[in-house]
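Analysis of the macromolecular model
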Amino acid sequence: MTSMPGVVGSAAADYSSSDSLGTSAAQTRSAAVEDLIRQDPGRFRVLTGDRPTGQLHLGHYFGTLHNRVRLQDLGVEMFVLIADYQVLTDRDVADHLVEHVEGLVLDYLAIGIDPDQSTVFAHSAIPALNQLLLPFLSLVSVAELGRNPTVKDEIAHSRQSAVSGLMFTYPAHQAADILFCKANLVPVGQDQLPHLELTRSIARRFNDRYGTGAGLFPEPDALLSDAPLLLGTDGTKMSKSRGNAIALAASADETARLIRGAKTDADRHITYDPVNRPEVSSLVLLAALCLGRDPHQIADDIGNAGAATLKNTVSEAVNEYLAPIRARRKQLAQDRGLIRQVLREGNERATAVADATLTDVRAAMNSVY
Ligand code: TRP
């Protein structure tokens, strides 16, 4: 298998001088990458994924899912990972795992991920991917793992009384998720940047240590989403675990009820002002995203009609936008065999790719017996 060089490093030399994925550097890189995608989607291989901890919601949809379908439809090769081992980072048991995994596959198919074009797989099912963790762990220091700000934050919010070894080491496992298929592009939110930085370090160190010439592994770039953050119905970040999310799979009635209960503020006049009026503005934004309109115009249209009118507008917009996705999801849900088949075939494809990479790794490490 030929290796893919880090895309920006080779094609946009201006950006390669910074080897840090600080936010603004990552934004600059992302803009450059978007240009390259338009020119030549075939040079990219994307790895993206989710933890199967619950239902995907509107925050996921407008944050990343929508973008995955866009990239796929532009002709970018895509691997979509269901990170089932990663569920065990902050809890002892992965509850309802089969239900959540099948739910993710359903959501992916319903929004337009095409299993003929994109490989949907679960990392626990790919032995050679997991085996990469061992050499990768040898390339990172304990201090480095302990410094990871996303891991620190997750430890602070963990529901476990003791921090497990997996919590500290999962970013190295995430590097295996990305590098097993030599992905060169990873669409991420801000919180994932430290993990991507570690992945880049591991790729670079492996290439340096084992002298693999042009580089066995690419140093993947982040593709930062420019979608603004959607708030949940309680005014904090929309999140599976906070009970404040509107699931893609929710019914129209449930959606309307959740939106009716969403937090707003005392000012009857509706404006779009995310800094000073985050809750109202997030609702306006949600309507704008669903209607493909400018949020300021939507706020102007509602004006003095108040929060109840805003909420009606949002409910209608969301339900109308999601109707075809929900209909497709419902139909697909009747064929469990199909869901299992998509996963089985995805696992098979991912296994073949992981096996090839492990063969390269063994050769590089001089451990072919
Ligand atoms: N950490 C990601 C999350 O919490 C899921 C994930 C696992 C992932 N492996 C990945 C994302 C590799 C991108 C690339 O949502």
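All figures in this text were calculated on a predicted structure; none of them were measured in a lab.

Let's talk about the overall build of the chain
- Within the chain, the secondary structure is distributed over 16 helices and 5 strands.
- For the chain, whose C-alpha radius of gyration is 21 Å, the value lies close to the compact-globule estimate of 21 Å for 369 residues.
- When its C-alpha atoms are laid out on the principal axes, the chain stretches across 75 × 50 × 45 Å.
- Long-range contacts, defined here as pairs at least 24 residues apart, represent 78% of the contacts in the chain between residues at least 6 apart.
- Of the roughly 16,600 Å² of accessible surface on the chain, 51% is carried by carbon and sulfur atoms.
- Across the chain, 35 positive and 44 negative side-chain charges occur, with their mean positions spaced 3 Å apart.

Looking at the environment of Thr 357
- Note on placement: Thr 357 falls in helix α16 (residues 336–364).
- A sequence separation of 140 residues divides Thr 357 from Phe 217, and the C-alpha atoms of the two residues are 9.3 Å apart.
- Ignoring sequence-local partners within four residues, the contact set of Thr 357 consists of Leu 132, Leu 179, Phe 180, Lys 182 and Phe 217.

Describing the site of the ligand
- Taken together, Leu 47, Gly 49, Arg 51, Leu 81, Ala 83, Gln 86, Gln 174, Asp 177, Ile 178, Val 186 and Gln 192 make up all the residues around the ligand.
- Most atoms of the ligand, that is more than half of them, are within 2 Å of grid points of the largest pocket.
- Looking at the shell around the ligand, the elements that each hand over two or more residues are β1 (45–50) and α10 (165–179).
- Considering each element in turn, the shell around the ligand owes the most residues, 3 residues, to α10.
- Its residues placed into classes, the shell around the ligand shows 5 nonpolar, 4 polar and 2 charged.

Looking at helix α11 (residues 193–209)
- Under the 1.5 Å per step criterion, the end-to-end length of α11 is 24 Å for 17 residues, consistent within 8% with the ideal 24 Å.
- Counting buried positions along α11 yields 12 of 17 residues, so the element is predominantly enclosed.
- Among all positions of α11, only Leu 193, His 195, Leu 196, Glu 197, Leu 198, Thr 199, Arg 200, Ser 201, Ile 202, Ala 203, Phe 206 and Asn 207 are buried.
- In the stretch just after α11, Gly 211 is the one whose phi turns positive, near 45 degrees.

Some words on the layout of surface pockets
- Counted as a void, the largest pocket has a volume near 1,700 Å³.
- Together, 48 residues line the largest pocket, and His 60, Asp 191, Gln 192, Lys 237 and Lys 240 are the ones closest to its centre.
- Listed by contribution, the elements that provide at least two residues to the lining of the largest pocket are β1, α4 (58–74), α9 (149–156), α10 and β4 (185–188).
- Per-element accounting of the lining of the largest pocket gives the leading share, 6 residues, to α4.
- Looking at the lining of the largest pocket residue by residue, the class counts come to 14 nonpolar, 20 polar and 14 charged.
- The calculated volume of the second largest pocket comes to roughly 340 Å³.
- If you go around the second largest pocket, you meet 16 residues; those closest to its centre are Asn 67, Arg 70, Ser 225, Asp 226 and Ala 227.
- At the level of elements, α3 (23–39), α4 and β5 (221–224) are the ones that each hand at least two residues to the lining of the second largest pocket.
- Looking at the lining of the second largest pocket, the element that brings in the most residues is α4, giving 6 residues.
- Of the residues that constitute the lining of the second largest pocket, the class distribution is 7 nonpolar, 6 polar and 3 charged.

Points about helix α12 (residues 252–260)
- Inspection of α12 places Thr 255, Ala 256 and Ile 259 among the buried residues, and these make up the whole buried set. Along α12, the residues classed as buried sweep out an arc of 95 degrees about the axis, all on the same side. The exposed set on the far side of α12, more than 90 degrees from its buried face, consists of Asp 253 and Arg 260.
- Here the buried face of α12 lies against α13 (278–291) and α15 (306–333).

How each quantity is defined
- Residues numbered from 1 in each chain as written.
- Predicted model: local features only at pLDDT ≥ 70, side-chain atom pairs only at ≥ 80, totals over all residues.
- Heavy atoms only, no water.
- Helix = DSSP H or I, 4+ residues; strand = E, 2+ residues; numbered from the N terminus.
- Rg over C-alpha atoms; globule rule 2.2 N^0.38 Å.
- Contact = heavy atoms within 4.5 Å.
- Areas by Shrake-Rupley, 256 points an atom, 1.4 Å probe, with all protein chains shown as cover.
- Lys, Arg positive; Asp, Glu negative; His and termini not counted.
- Charge placed at Lys NZ, Arg CZ, Asp CG, Glu CD.
- Near = heavy atom within 4 Å.
- 1 Å grid on protein atoms, 1.4 Å probe; cavity = no way out; pocket = protein on both sides within 12 Å on 5 of 7 lines; lining within 4 Å.
- Sits in = over half its atoms within 2 Å of the grid points.
- Nonpolar A, V, L, I, M, F, W, Y, C, P; charged D, E, K, R; others polar.
- Expected span 1.5 Å × (residues − 1).
- Buried < 20%, exposed > 50% of the residue type's maximum accessible area, 1.4 Å probe, protein only.
- Points joined across faces, edges and corners; volume = space filled by probe spheres on them.
- Arc of directions from axis to C-beta.

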